[in-house]
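Residue strings, one per chain:
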Amino acid sequence: MAFPRQRLRRLRQSENLRKIVRETTLSPDDFIYPLFVVHGKGIKKEIPSMPGNYQQSIDNIVKDAKETYSLGIPAIILFGIPEHKDELGTEAYSKKGVIQQAIKAIKDKVPELIVITDVCLCEYTNHGHCGVIKDGKILNDPTLKLLSKEAVSHAKAGADIVAPSDMMDGRVAAIRSSLDKEGFIDTPIMSYAAKYASSFYGPFRDAAESTPKFGDRRTYQMDPANAREAIREVALDIDEGADIVMVKPALSYLDIIYRVKNEFNLPVAAYNVSGEFSIIKAGAKLGWIDEKRMMIEVLTSIKRAGADLILTYFAKEAARLL
Ligand code: PBG
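Residues numbered from 1 in each chain as written. Predicted model: local features only at pLDDT ≥ 70, side-chain atom pairs only at ≥ 80, totals over all residues. Heavy atoms only, no water.

**Focus on unusual backbone geometry**
This is how the line gets drawn: Secondary structure elements follow DSSP: runs of H or I no shorter than four residues count as helices, runs of E no shorter than two count as strands, and numbering proceeds from the N terminus. Type-normalised accessible area, obtained with a 1.4 Å probe on protein chains alone, sets the label of each residue: buried when under 20%, exposed when over 50%, and partly exposed for intermediate values.
At the junction of phenylalanine 3 and proline 4, the peptide bond is cis and its omega measures out at 10 degrees in the coordinates. Tracing the backbone shows proline 4 in the segment before α1 (15–20). Lysine 248 connects to proline 249 through a cis peptide bond whose omega is -10 degrees. Mapped onto the fold, proline 249 is located in the loop between β10 (244–248) and α8 (254–263). The residue aspartate 135 is not glycine, and still its phi comes out positive at about 50 degrees. Within the secondary structure, aspartate 135 is located in the loop between β6 (132–134) and β7 (137–139). Aspartate 135 sits in the exposed class, given a relative accessible area of 74%. Not every positive phi belongs to a glycine, and methionine 167 is a case in point at roughly 70 degrees. Structurally, methionine 167 can be placed in the loop between β8 (161–164) and α5 (171–181).

Structure representation (structure tokens):
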């Protein structure tokens with residue numbers, strides 16, 4: 001007999017009762033904080049569509065990295081905005097690239113903080129696509145070489161984890177074998193394994209100045225309508241040597257996070273992307289929502305769905321509340 005013997009409200013009567021039966025808890029340990037690096041000195045330029053996030057020169061990035069670590073957040077992920085963009089995204093794998101310099105500066109001052117680097121070409125190419133272009137097509141195989149070079153140059157600069165976000169086929173295997181050849185056998189790969197062609201990346205593209213100049217990313221990023229295909233993508237990346245697999249975006253793809261977590265036995269990351277962040281900020285600015293509660297609810301839902309790690313622009317704000 002269920003009711004009246006069973007009353008689920010019994011365990012909801014006070015905050016402490018709710019606390020002892022809570023199934024999902026958030027901690028700053030779960031977070032990876034994204035940072036945008038630019039050349040120069042003393043630069044801290046707010047990204048209009050992402051309040052509280054900045055394009056920063058290396059001196060300020062180091063300060064931010066210190067603050068992030070002091071809040072108990074164990075990892076950051078770096079995105080670079082180069083001085084010059086060109087057809088092949090040369091700065092992405094240059095020794096003097098903005099990311100390579102930033103990694104060194106951060107590792108010098110905050111050595112314990114885990115520095116993850118986004119491995120992609122879109123911020124570095126003049127066309128804004130994530131690969132090599134010929135006759136208006138994004139070529140898969142020639143791109144792998146450049147991505148491998150980029151990953152190795154990040155590792156050489158001291159990156160702790162490399163995170164390819166380009167969605168070319170075979171890139172995890174190519175990066176793994178290049179890293180191994182150069183002696184970086186212990187550098188993990190966190191692959192953006194199930195990355196969808198999403199409208200939720202809009203604000204990020206302003207931040208990273210990486211909007212494609214023609215077309216869109218739908219020939220390499222996944223169709224938002226597909227779930228079974230995500231399982232294939234993730235399985236392939238694991239086969240190719242990924243250590244952590246990511247689902248991106250997070251909120252419209254909680255079902256994908258859940259499926260990936262159930263299917264595979266390795267850490268699952270989820271990217272609470274720029275658009276997901278910005279709509280909450282915008283709603284708060286309009287006075288339509290309770291920002292802090294919504295932030296915690298959203299992050300909790302991502303973790304409840306199965307994410308072990310959450311990449312989020314809310315990392316510092318959430319860590320301060322927890
Ligand atoms: C680069 C990259 C993107 C994001 C992370 N790495 C943009 C894209 O694919 O267009 C999006 C992150 C965000 O929206 O917060 N390929």
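**Here's the deal with the pairing of strand β9 (residues 190–195)**
We count it as follows: Two strands are counted as paired when DSSP detects at least two bridges linking them.
Most of β9 sits inside the fold, with 6 of its 6 residues counted as buried. Pairing of β9 with β10, which is carried by 4 bridges, proceeds in the parallel orientation. Bridge pairing in β10 places methionine 190 opposite isoleucine 244.

**Observations concerning a positive patch on the surface**
The condition is simple: Surface patches are defined over residues having more than 30% relative accessible area and no salt bridge, joining like charges when they lie within 9 Å and nonpolar side chains (Val, Leu, Ile, Met, Phe, Trp, Tyr) when within 5 Å. All accessible areas in this document rest on Shrake-Rupley with a 1.4 Å probe, and a residue is counted as covered only by the protein chains that are shown. By definition here, a salt bridge exists when the distance from a side-chain nitrogen of Lys or Arg to a carboxyl oxygen of Asp or Glu is within 4 Å. Only four residue types enter the tally: Lys and Arg on the positive side, Asp and Glu on the negative side, with His and both chain ends excluded. Where a charge sits is defined by one atom per residue type, namely NZ (Lys), CZ (Arg), CG (Asp) or CD (Glu).
Together, Arg7, Arg9, Arg10 and Arg12 line one region of the surface with positive charge. Within the secondary structure, arginine 7 sits in the segment before α1. Classification of arginine 7 as partly exposed rests on a relative accessible area of 43%.

**Observations concerning α8**
Short version of the rule: It is the directions from the helix axis to the C-beta atoms that the arc portrays.
When we look at burial in α8, the residues that qualify are Ile256, Ile257 and Val260. Across the axial projection of α8, the buried residues extend over an arc of 100 degrees, all falling on one side.

**Re the site of the ligand**
Inclusion rule: Whether a residue is near a molecule or strand depends on its heavy atoms: if one lies within 4 Å, it is near. Polar contact is the term for a pair of N or O atoms within 3.5 Å; when the atoms are in protein, one must be able to donate a hydrogen and the other to accept it, and sequence-neighboring residues count only if both atoms are side-chain atoms. All residues other than Ala, Val, Leu, Ile, Met, Phe, Trp, Tyr, Cys, Pro, Asp, Glu, Lys and Arg, Gly among them, are scored as polar; the first ten of these are nonpolar and the last four charged.
The environment of the ligand is formed by 18 residues, the closest being Lys195, Arg205, Lys248, Ser274 and Tyr313. A distance of 2.9 Å separates an oxygen atom of the ligand from a polar atom in the side chain of glutamine 221. With respect to the ligand, the backbone of serine 274 contributes an N or O atom lying 2.7 Å from an oxygen atom. Grouping the amino acids of the shell around the ligand by side-chain chemistry returns 10 nonpolar, 3 polar and 5 charged.

**Overview of the nonpolar core**
Put simply, the test is: Among buried residues, the Ala, Val, Leu, Ile, Met, Phe, Trp, Tyr and Cys ones that are joined through side-chain atoms within 4.5 Å form a nonpolar core. By definition in these notes, contact holds between two residues if any of their heavy atoms fall within 4.5 Å.
The biggest cluster of nonpolar side chains holds 107 residues, and the ones touching the most others in it are Phe36, Leu78, Ile106 and Met190. For leucine 78, the residues in contact, after removing those within four places along its chain, are Leu35, Val37, Ile99, Ala102, Ile103, Ile106, Val115, Ile116, Thr117 and Asp118.

**A word on the packing of helix α2 (residues 58–70) against helix α3 (residues 98–109)**
This is how the line gets drawn: In this analysis, axes come from line fits to C-alpha atoms, helices being fitted only over the stretch in contact, and the angle between any two N-to-C directions falls in the range 0 to 180 degrees. Any angle that falls under 35 degrees is termed roughly parallel, while one over 145 is termed roughly antiparallel, one within 65 to 115 roughly perpendicular, and all others oblique. With the far helix as reference, a near helix turned anticlockwise by less than a right angle produces a left-handed crossing, and one turned clockwise produces a right-handed crossing.
One way to put it is that α2 packs onto α3 with a least axis distance of 9 Å and a crossing angle of 45 degrees. One way to sum up the angle between α2 and α3 is to call them oblique. Considering how the two elements wind past one another, α2 and α3 form a crossing that is right-handed. The segment α2 lies against α3, with Ile58, Ile61, Val62, Ala65 and Lys66 engaging Val98, Gln101, Ala102, Ala105, Ile106 and Lys109.

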